[in-house]
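If you want the building blocks of each chain, they are given just below.
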Amino acid sequence: MNKAAEKVELRHKINKAESLEAEGKLLHAVQIYNSIIDTFPAQKEPYYKLIALYEKLQNIEAAHNLLTELISLSPEDKELRLYLAHFLFRNEKWDETLETLEFLNPDFDLTIAFINGYSHYMLKEFELANISFQKFVALDRTSEFLPDAYIHLAKANINLNRYEEALKYIKTAENYFESYYELHFIYAIIYYYLGMNEHSIERIKKALRFKKIDNDVYAWAGKIYFKSNDYEKAKQYFDKYLSLSEEGSADIYAQLGLIAVIENDLPLARNYFETSLKFDSENQLVLSALKNIPELKVEVEIEISDG
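Rules used in this analysis
Residues numbered from 1 in each chain as written. Predicted model: local features only at pLDDT ≥ 70, side-chain atom pairs only at ≥ 80, totals over all residues. Heavy atoms only, no water. Helix = DSSP H or I, 4+ residues; strand = E, 2+ residues; numbered from the N terminus. Rg over C-alpha atoms; globule rule 2.2 N^0.38 Å. Buried < 20%, exposed > 50% of the residue type's maximum accessible area, 1.4 Å probe, protein only. Contact = heavy atoms within 4.5 Å. Salt bridge = Lys/Arg side-chain N within 4 Å of Asp/Glu carboxyl O. Expected span 1.5 Å × (residues − 1). Arc of directions from axis to C-beta. Patch = residues over 30% accessible without salt bridge, like charges linked within 9 Å, V, L, I, M, F, W, Y side chains within 5 Å. Areas by Shrake-Rupley, 256 points an atom, 1.4 Å probe, with all protein chains shown as cover. Lys, Arg positive; Asp, Glu negative; His and termini not counted. Charge placed at Lys NZ, Arg CZ, Asp CG, Glu CD. Phe/Tyr/Trp six-rings, centres within 6.5 Å; stacked < 30°, edge-to-face > 60°.

Enquirer: So what's going on with the overall build of the protein? Which residues, and what values?
Expert: For the protein, the helix and strand inventory stands at 18 helices and zero strands. The C-alpha radius of gyration computed for the protein amounts to 27 Å, which surpasses the reference 19 Å derived for 307 residues by more than 25%, pointing to a less compact arrangement than a globule. In terms of overall dimensions, the protein has C-alpha extents of about 90 × 50 × 35 Å along its principal axes. Residues classed as buried in the protein amount to 46% of the 307 residues present. Pairs at least 24 residues apart make up 46% of the contacts formed inside the protein by residues separated by at least 6 positions.

Written out as structure tokens, the structure reads:
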């Protein structure tokens, strides 16, 4: 078959598969795309079409296998490697994303630095995330991902205990957002660590006004009010977090226990501390309380040994 005829046949079959897909006949479309790949193995377009269709069908493993097969045919193809990285990134395969991008320079595509930074962040590799995000904001001053990069730079630096750096980045991020609860939430956390309690309370209040927020906002609201000695509000937000969370939190039960100690309700404190230790037997807040409050320590030990 000459090249012109081959091109016509390829386009005809792809059009047929696209029509079937548009009609909702997805499995039939899959069959057509597989047939095209068998007939025209050197053509990348049917691979891309089928990969997208597999993703639509939530068959991520099949899409991944097809991409792996395709890249084995063209291991030096940078565009294909970047396509694979985007696929892995979308599907939260952070380690594989980083491996795929390992030999690609951000100069080839500026999103590489952002993807690297985000993947490192999700793997809790905060120093590497910080480096990649810094590289990204230095390379691309117009990207739609720039606001997210500054948000994650602030979050990475919080995890690295660099609160002044985090504050610098969140102030830059604020230039891009008119109304965003996480912006206020991050400010509140940074001010908490910097000991700026009034500023922290002001920001957590703003975050709490939003209708859709992560449960962690309630946990942090409790911590912030606890640090400010407003124990009623601290209990209110700790209880709110626990009522919405599918899992408990050793730290929150520990802090509720400390509030009970402060309010001289040792039986309640004991209950909270015991619950905290079920989640984390080495919780330092609880162990410190047991060490420094002899009455509490004896009661907890007796109850545990009797159980």
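After that view of the structure, there is still more to cover.
Enquirer: Explain the pattern of salt bridges to me, using residue names and the numbers behind them.
Expert: Considering all chains together, one arrives at 14 salt bridges under this definition. For the salt bridge of glutamate 182 with lysine 155, the shortest nitrogen-to-oxygen distance reads 2.9 Å. One end of the pair, glutamate 182, is in helix α11 (residues 181-193); the other, lysine 155, is in helix α9 (residues 146-159), with 27 residues separating them in the sequence. Across the pair, exposure class does not vary: glutamate 182 and lysine 155 are buried alike. Note that lysine 235 is salt-bridged to glutamate 263, the shortest N-O span being 3.3 Å. Highlighted residues: lysine 235 in helix α14 (residues 231-244) and glutamate 263 in the loop between α15 (250-262) and α16 (266-279), separated in sequence by 28 residues. Look at lysine 235 and you get partly exposed, because its relative accessible area is 22%. With relative accessibility at 38%, the residue glutamate 263 sits in the partly exposed group. Here the residues in one salt-bridge network are Glu232, Lys235 and Glu263, joined through shared partners.

Enquirer: So, helix α1 (residues 3-22): which residues are in play, and what are the values?
Expert: Over its 20 residues, α1 runs 28 Å from end to end, which matches the ideal 28 Å to within 8%, given 1.5 Å per residue. Every buried residue belonging to α1 is among Leu10, Ile14, Ala17, Leu20 and Glu21, and all of these are buried. All buried residues of α1 fall inside an arc of 120 degrees around its axis, so they share one side. Among the exposed residues of α1, those pointing more than 90 degrees away from its buried face are Ala4, Val8, His12 and Ala22. Next to the buried residues of α1 lie α2 (26-39) and α3 (45-56).

Enquirer: Hey, could you go over a negative patch on the surface for me, with residue numbers and the actual values?
Expert: Judged by side-chain charge, Asp95, Glu96, Glu99 and Glu102 come together as a negatively charged surface patch. Mapped onto the elements, glutamate 96 comes out in helix α6 (residues 94-101). For glutamate 96, a relative accessible area of 31% gives the class partly exposed.

Enquirer: Kindly report on helix α13 (residues 216-227), identifying the contributing residues and their values.
Expert: Taking 1.5 Å per residue as the helical rise, α13 with its 12 residues ought to reach 16 Å, and the 16 Å between its terminal C-alpha atoms agrees with that figure. Taking burial as the measure, the 12 residues of α13 include nine buried ones, the bulk of the element. Every buried residue belonging to α13 is among Val217, Tyr218, Ala219, Trp220, Ala221, Gly222, Ile224, Tyr225 and Phe226, and all of these are buried. Against α11, α12 (197-208), α14 and α15 lie the buried residues of α13. One or two residues past the end of α13 sits asparagine 229, with phi positive at roughly 65 degrees.

Enquirer: Before we move on, could you go through the side chain of serine 132 and cite the residues and values that matter?
Expert: In this fold, serine 132 is placed in helix α8 (residues 126-139). With residues up to four places along the chain from it excluded, the contact list for serine 132 reads Ala113, Asn116, Gly117 and His120.

Enquirer: Go over the packing of aromatic side chains with me, naming the residues and quoting the values.
Expert: The geometry of an aromatic ring pair comes down to the distance between the two centres and the angle between the two planes. According to the stated counting rule, one finds 23 aromatic pairs in the structure shown. Judged by centre distance (6.4 Å) and plane angle (55 degrees), the rings of tyrosine 181 and phenylalanine 210 are tilted. Within this pair, whereas tyrosine 181 is found in helix α11, its partner phenylalanine 210 is found in the loop between α12 and α13, the two being separated by 29 residues in sequence. Members of the aromatic cluster, joined through ring pairs, are Phe89, Trp94, Phe114, Tyr118, Phe133, Phe136 and Phe145.

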